[in-house]
Amino acid sequence: MTTDLTRLHAHAQARVLRSGAASARELAAAHLDLAERQDHGLHAWLAIDRDRALAEADAADARLADAGAEDDGALDRLPPLLGIPIALKDLVSVRGGQCTAGSRILDGYRAPYDAHITERLRDAGAVILGKTNMDEFAMGSSTEHSAFGPTANPWDLGRVPGGSSGGSAAAVAAFHAPLSIGTDTGGSIRQPAALCGIVGMKPTYGRVSRYGIVAFASSLDQIGPFARDTRDAAALLHAIAGRDARDSTSSPVPVPDALLRLPTGDDEAAATLRGKRLGLPREYFVPGMEPGVEARIREAVAALEAAGALVEEVSLPHTEYGLATYYIVAPAEASANLARYDGIRFGRRIDGEEAVLAGYLATRGELFGAEVKRRIMLGTYALSAGYYDAYYLKAQKVRTLIKGDFDALWAQGFDALVAPTSPTVAFPFGARMDDPVAMYLSDACTLPVNMAGLPGLSIPAGPADGLPVGLQLIGKPWSEPALFSLARGYEAITASADWRSVEPADLVALDDPSTPSPAERIATRVA
């Protein structure tokens, strides 16, 4: 029962709960047991809160029991996520729980309040299992920059899961949770979703409130869902999205109930692809793209065409400037957001220095990691007197041009764009740690979407060399239901593919207590 429950999609778990075949407590316990048993070799979790999770599961069971005692339709009116386990990236505030953002400077911090999305999840009756590992302050593409050690990819424990939301992606891929939350500043949901073989959505900027989320780059950050299929990801987005007066960037655009009405049958889902006009940006097939990745994307495009979609090659001419633009705008905003962590106003403090400046320098020097320091320095330089106009202001102008490329395609009547999510499959630990530029290129296919504030969705497209490849769907603002509909159609037309039934290759190793942790694995290799 334990194994069966953890393998179910969230919508199937909801049916089990409503039928009475299992309780929310049993469902939560099954996932908690699996996560606690396997996490030594995976290190997807920074905190597992069994007591709180079981209490929330008991509350869900009480709601289920009350509904069962009412009229026949009461169970159907319950929130779709009632009793469903979920993992949160460790930059989401949960009252009384840790919130480290993967950094030593926040080690020991306990959030005094709930983030907006935490409130939404509580209202929906979801069961929060704990907090997942991440690159420090969400700065990274591999989860190797966590101050608490890296996370492994369940498909190959010697490889990264992507980042910065690698812990959330790995937890879902390893069946530790059916759903999880990540944040996406330049691809940090979509890229790990691709590398771990799951679904990940970066919503339109403003669709989900950022209140209670530790900030990286405020004009780029957006919260979104991970799941193992599109229906579950859409349901999670529906639960967390919506206007929040505490976040001035939160949009009043209504959250469409269409997110909860994706087709359940494959024939109906496949039919939604007919006549859809999709653009294939030539610039997203970047230099250095692995042949296996390109082959899977071309095959996915061919499958969409065979199902009746109309795919045309298009151009986004300013894409080539996306990487450089992002790495001016994001570090500049990060340097401003992280200025508060000084050991005086926020964060831990290194004692022993009497002078204020010496204490400040010691605190930030010792408790920030190398990648965070690198980006703070880049951002501070770009914002400094004499360089603001030359770098930051110019980058914002190029950002407008990047958005204009997308707007021109929407004006031509395209329903969405299809592209690779990542130019490579998951890479080995350490492969890019000594070359920050090579690491930054991991997000070359995802960064422009953040610069333009658009929704982007990564879905599995089969394996290359035994590792997952992600297909990215990009839509116009507020088109999340349309993107999920396209993704559900692609799921339907590939439902019989052999790779759909393949589980991550290294799950068996995670059950072996002698399997080394990712940090131990790296240390052994270095030695």
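Above: the structure in question.
The rules behind these values
Residues numbered from 1 in each chain as written. Predicted model: local features only at pLDDT ≥ 70, side-chain atom pairs only at ≥ 80, totals over all residues. Heavy atoms only, no water. Helix = DSSP H or I, 4+ residues; strand = E, 2+ residues; numbered from the N terminus. Pairing = 2+ DSSP bridges. Axes fitted to C-alpha atoms, helices over the stretch in contact; angles between N-to-C directions. Buried < 20%, exposed > 50% of the residue type's maximum accessible area, 1.4 Å probe, protein only. Phe/Tyr/Trp six-rings, centres within 6.5 Å; stacked < 30°, edge-to-face > 60°. Lys NZ or Arg CZ within 6 Å of the ring centre and 35° of its normal.

S.K.: I tried to follow the environment of Gly386 on my own but got confused; where do I start?
M.R.: Position of Gly386 relative to the elements: it lies in the loop between helix 13 (370-383) and helix 14 (389-411). For the pair Gly386 and Gln222, spaced 164 residues apart in sequence, the C-alpha to C-alpha distance is 31 Å.

S.K.: What exactly am I supposed to notice about the sheet that holds strand 2 (residues 85-89) here?
M.R.: The pairing of strands in a sheet happens through backbone hydrogen bonds and is either parallel or antiparallel. With respect to topology, 11 strands assemble into an open sheet ordered 1-3-2-4-6-5-10-11-9-7-8, the strand pairing being mixed. Both edges of this open sheet fall to strand 1 (45-48) and strand 8 (310-314), since each of them pairs with a single strand only. Strand-to-strand twist across the sheet, computed as the mean angle between neighbouring axes with direction ignored, equals 30°. Sheet topology note: the strand 2/strand 4 (residues 179-184) ladder contains three bridges and is parallel. Across the sheet, the residue bridging to Leu88 is Ile181, located in strand 4.

S.K.: What is the right way to look at the pairing of strand 10 (residues 456-464) in this model?
M.R.: Along a regular strand, successive side chains alternate from one face of the sheet to the other. Judged by how many residues are buried, strand 10 sits mostly within the fold: eight of nine residues are covered. As paired elements, strand 5 (residues 199-202) and strand 10 share three bridges and run antiparallel to each other. Across the sheet, residue Gly200 finds its bridge partner in strand 10, namely Ser458. Where strand 10 and strand 11 (residues 467-474) come together, seven bridges link them in antiparallel fashion. Looking at strand 11, one finds that Ser458 is bridged to Gln472. Hairpin connection, strand 10 to strand 11: the antiparallel pair is bridged by two residues, and Asp465 has positive phi, about 55°.

S.K.: Would you mind going over the packing of aromatic side chains with me for this structure?
M.R.: Centre distance and the angle of the planes are the two values used to describe a pair of aromatic rings. The final tally for this structure, using the stated rule, is 11 aromatic pairs. Relative to Tyr341, the ring of Phe137 has its centre 5.1 Å away and its plane inclined at 50°; by these criteria the two rings are tilted. One end of the pair, Phe137, is in the loop between strand 3 (127-132) and helix 6 (166-173); the other, Tyr341, is in the loop between helix 11 (322-337) and helix 12 (356-367), with 204 residues separating them in the sequence. Residue Phe137 is classed as buried on the basis of its relative accessible area of 2%. Through a chain of ring-to-ring contacts, the aromatic side chains of Phe137, Tyr341, Phe346 and Phe368 assemble into a single cluster. The ring of Phe175 carries Arg7 above its face, with NZ or CZ at 4.1 Å from the centroid.

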